[in-house]
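So the chains spell out like this:
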Amino acid sequence: MRPNFFHHLHPPTIPAAQARWRYTLGAGGTAVFLMLVLLVTGTIEMFYYVATPEEAGLSIQTITYLVPFGGLIRNLHFWSAQLLIIVSAVHLMRIVFTGAYLPPRRFNYLLGLALFVFAILLNFTGYILRWDTGIQWALVVGTNLVKTIPIFGNDLYRILIGGTQPGLATLTRFYAWHIFGLMLIAAILAVWHAFRVRRDGGIALPPPALRTNKERISRFELVRREVLAMLLTDAALIILSVFSPAPIAAPITEITTLVPDARAPWFFLWVQQMLKWGDPFIWGVLVPLMVLAILTLIPYIFPKPIEGELGRWFPRSSRIAQIVLAMIASLIILLTILGGLPVL
Ligand code: HEM
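Participant: Where do I start with the packing of aromatic side chains in this structure?
Facilitator: Given two aromatic rings, one states the distance between the centres and the angle between the planes to describe the pair. Applying the stated criterion across every chain yields a total of twelve aromatic pairs. A centroid spacing of 5.2 Å and a plane angle of 80° characterise the contact between F78 and W79, whose relative ring orientation is edge-to-face. Overall, the relative accessible area of 23% leaves F78 in the partly exposed class. Taken together, F124, F174, W266, F267 and F268 form an aromatic cluster joined through their ring pairs. The ring of Y157 has K147 sitting right over it, with the charged end atom 4.4 Å from the ring centre.

Structure follows, in structure tokens:
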């Protein structure tokens with residue numbers, strides 16, 4: 001068989017140990033696929049979405065209920081975005097729990113982390129575009145957190161929402177960030193990240209002399225496995241889209257009647273939960289930034305994994321980094337569950 005374009009994205013053969021599901025979980029590749037689904041479904045939605053406060057909520061209803069297959073496209077876009085956050089978080093954990101951030105992959109760890117942040121920002125800006133009563137926490141409390149930043153807070157808030165209170169300028173800005181600004185940077189980061197995986201010698205393994213398994217697989221086999229992962233992801237997306245449609249609520253008609261006590265989007269429930277503890281700057285801005293700083297510093301401040309221990313889960317040499325990440329992840333999951341419990 002002659003290699004096609006997709007085969008040529010990979011080297012002719014790679015060590016079989018680099019392509020084990022149980023090692024990579026296929027999470028990086030699945031994240032790439034989800035980004036492609038987002039790009040295609042988002043472009044289709046743009047033909048019908050109207051980015052003005054009067055029309056936005058109504059145009060989402062038109063897409064959902066009137067446009068042929070519009071509901072399916074919107075649900076696929078919604079679920080790919082949610083899965084992208086989950087799959088990138090799983091990928092991040094696999095990188096840390098296998099010590100794969102060891103140089104020369106340290107820079108790619110940072111590129112990946114930046115991609116993760118962009119996946120969250122894209123989700124948040126897309127969520128605002130619904131402009132219905134379900135997004136009030138994000139629009140009111142979420143954006144007001146910026147105001148709590150000392151000295152620059154008020155100016156940053158005005159830059160973010162385009163005025164002193166949410167309105168047409170806010171929607172225009174979030175739309176521009178969502179469909180172009182953030183998207184463009186995320187696309188560049190994703191291509192760079194994938195290029196660096198290959199440039200750094202593929203998925204992390206011990207040096208050749210220390211490898212026990214010398215077997216190699218061809219790029220045909222690799223692409224076959226990638227297609228299988230894509231089909232499974234596609235099946236999951238379609239099942240979720242059919243049985244659990246994306247949320248929709250009544251369009252926002254009057255900006256002054258917004259109530260701030262509504263629920264945060266699920267990926268910020270942990271922040272909403274912490275805000276109950278007091279100072280919004282400490283709990284809503286500083287603590288999330290500290291979490292990001294710790295994740296950024298993992299390859300720099302904790303004992304490094306040793307090369308001979310690469311290619312498997314939980315190497316002894318990088319235990320501290322694993323424990324720190326496990327603690328952060330457990331706390332975030334716990335706070336998310338608490339934040340998601342029904343208010344009595
Ligand atoms: C949207 C987000 C992301 C996409 C699309 C993505 C994509 C990929 C792909 C396709 C691979 C190769 C296959 C694999 O390891 O599964 C990979 C590897 C890698 N990624 Fe990501 N990634 C993302 C987020 C992240 C995050 C959050 C981190 C860590 C902070 C990260 C760090 C790495 C590293 C260090 C490698 C090399 C792994 C190794 O050599 O074992 N990536 N990524």
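On we go from here.
Participant: Just to check I follow, could you spell out a nonpolar patch on the surface for this structure?
Facilitator: Together, V32, L36, L39, V40, I44, F47 and Y48 make up a nonpolar patch on the protein surface, roughly 690 Å² of accessible area in all. Within the secondary structure, Y48 is located in the loop between helix 3 (27–46) and helix 4 (56–65). Looking at Y48, the relative accessible area reads 43%, which means it is partly exposed.

Participant: Any chance you could explain the site of the ligand here in plain terms?
Facilitator: Around the ligand lies a shell of 26 residues, among which H91, R94, R105, H193 and A204 are the nearest. At 2.8 Å, a side-chain N or O of H91 approaches a nitrogen atom of the ligand. Looking at the shell around the ligand, the elements that each hand over two or more residues are helix 2 (21–24), helix 3, helix 5 (70–97), helix 6 (106–129) and helix 9 (168–199). In terms of residue class, the shell around the ligand is built from 15 nonpolar, nine polar and two charged.

Participant: It is not clear to me how the coordination of the iron atom of the ligand should be interpreted in this structure. Could you clarify?
Facilitator: In an ideal octahedron of six donors the angles at the metal are 90 or 180 degrees, and in an ideal tetrahedron of four donors they are 109.5 degrees. The protein atoms that coordinate the iron atom of the ligand are H91 (NE2) and H193 (NE2), at distances of 2.0 to 2.1 Å. Taking relative accessible area as the criterion, H193 reaches 17% and is therefore assigned buried.

Participant: Please clarify how the nonpolar core should be interpreted in this entry.
Facilitator: Note that soluble globular proteins tend to have their nonpolar side chains buried in a common cluster. By size, the foremost hydrophobic cluster in this structure holds 53 residues, and its most contacted members are Y49, V96, Y109, I128, W131, L295 and I298. Per element, the largest residue contribution to this core is eight residues, and it comes from helix 6. Beyond its immediate sequence surroundings of up to four residues, I128 is in contact with I135, A138, L139, L171 and F174. Residues A31, L34, A81 and V87 belong to the second largest nonpolar core, which totals 14 residues.

Participant: Where do I start with unusual backbone geometry in this structure?
Facilitator: Most peptide bonds adopt trans geometry, and most residues besides glycine take a negative phi value. Put simply, P103 and P104 share a cis peptide bond, and its omega is 15°. Tracing the backbone through its elements, the reader meets P104 in the loop between helix 5 and helix 6. A positive phi angle is found at W131, which is not glycine, with a value near 45°. Here W131 is to be found in the loop between helix 6 and helix 7 (136–144). The exposure class of W131 is buried, given its relative accessible area of 1%. Within the chain, F314 stands out as a residue other than glycine whose phi angle is a positive 50°. For F314, a relative accessible area of 42% gives the class partly exposed.

Participant: I'm lost on helix 10 (residues 219–243) in this one. Help?
Facilitator: Look at helix 10: 36 Å from first C-alpha to last across 25 residues, which is about the 36 Å you get at 1.5 Å a residue. In the core, the buried residues of helix 10 are packed alongside helix 1 (5–8), strand 1 (13–15), helix 2, helix 3, helix 5 and strand 2 (216–218).

Participant: Explain the environment of I161 to me, please; I cannot follow it from the model alone.
Facilitator: Summarising the element assignment, I161 is placed in helix 8 (residues 153–161). According to the relative accessible area criterion, I161 is buried, its value standing at 0%. With 148 residues separating them along the chain, I161 and T13 place their C-alpha atoms 50 Å apart.

Participant: What is the right way to read the pattern of salt bridges from this model?
Facilitator: Where charged atoms of side chains with opposite charge meet at close range, the side chains can pair. Under the defined criterion, the tally for this structure stands at five salt bridges. Between R196 and D200 there is a salt bridge, with its nearest N and O atoms 3.0 Å apart. With respect to class, R196 is no different from D200; both count as buried. For the salt bridge of R224 with E221, the shortest nitrogen-to-oxygen distance reads 3.0 Å. Residue R224 and its partner E221 are both found in helix 10; the two are separated by three residues, about one turn of the helix.

So, how was this worked out
- Residues numbered from 1 in each chain as written.
- Predicted model: local features only at pLDDT ≥ 70, side-chain atom pairs only at ≥ 80, totals over all residues.
- Heavy atoms only, no water.
- Phe/Tyr/Trp six-rings, centres within 6.5 Å; stacked < 30°, edge-to-face > 60°.
- Buried < 20%, exposed > 50% of the residue type's maximum accessible area, 1.4 Å probe, protein only.
- Lys NZ or Arg CZ within 6 Å of the ring centre and 35° of its normal.
- Patch = residues over 30% accessible without salt bridge, like charges linked within 9 Å, V, L, I, M, F, W, Y side chains within 5 Å.
- Areas by Shrake-Rupley, 256 points an atom, 1.4 Å probe, with all protein chains shown as cover.
- Salt bridge = Lys/Arg side-chain N within 4 Å of Asp/Glu carboxyl O.
- Helix = DSSP H or I, 4+ residues; strand = E, 2+ residues; numbered from the N terminus.
- Near = heavy atom within 4 Å.
- Polar contact = N/O pair within 3.5 Å; in protein donor to acceptor, adjacent residues only side chain to side chain.
- Nonpolar A, V, L, I, M, F, W, Y, C, P; charged D, E, K, R; others polar.
- Donors = N, O, S within 2.8 Å, 3.2 Å for Na, K, Ca; no water.
- Core = buried A, V, L, I, M, F, W, Y, C linked by side-chain atoms within 4.5 Å.
- Contact = heavy atoms within 4.5 Å.
- Expected span 1.5 Å × (residues − 1).

Don't take any of this as a statement about function, it's just geometry.
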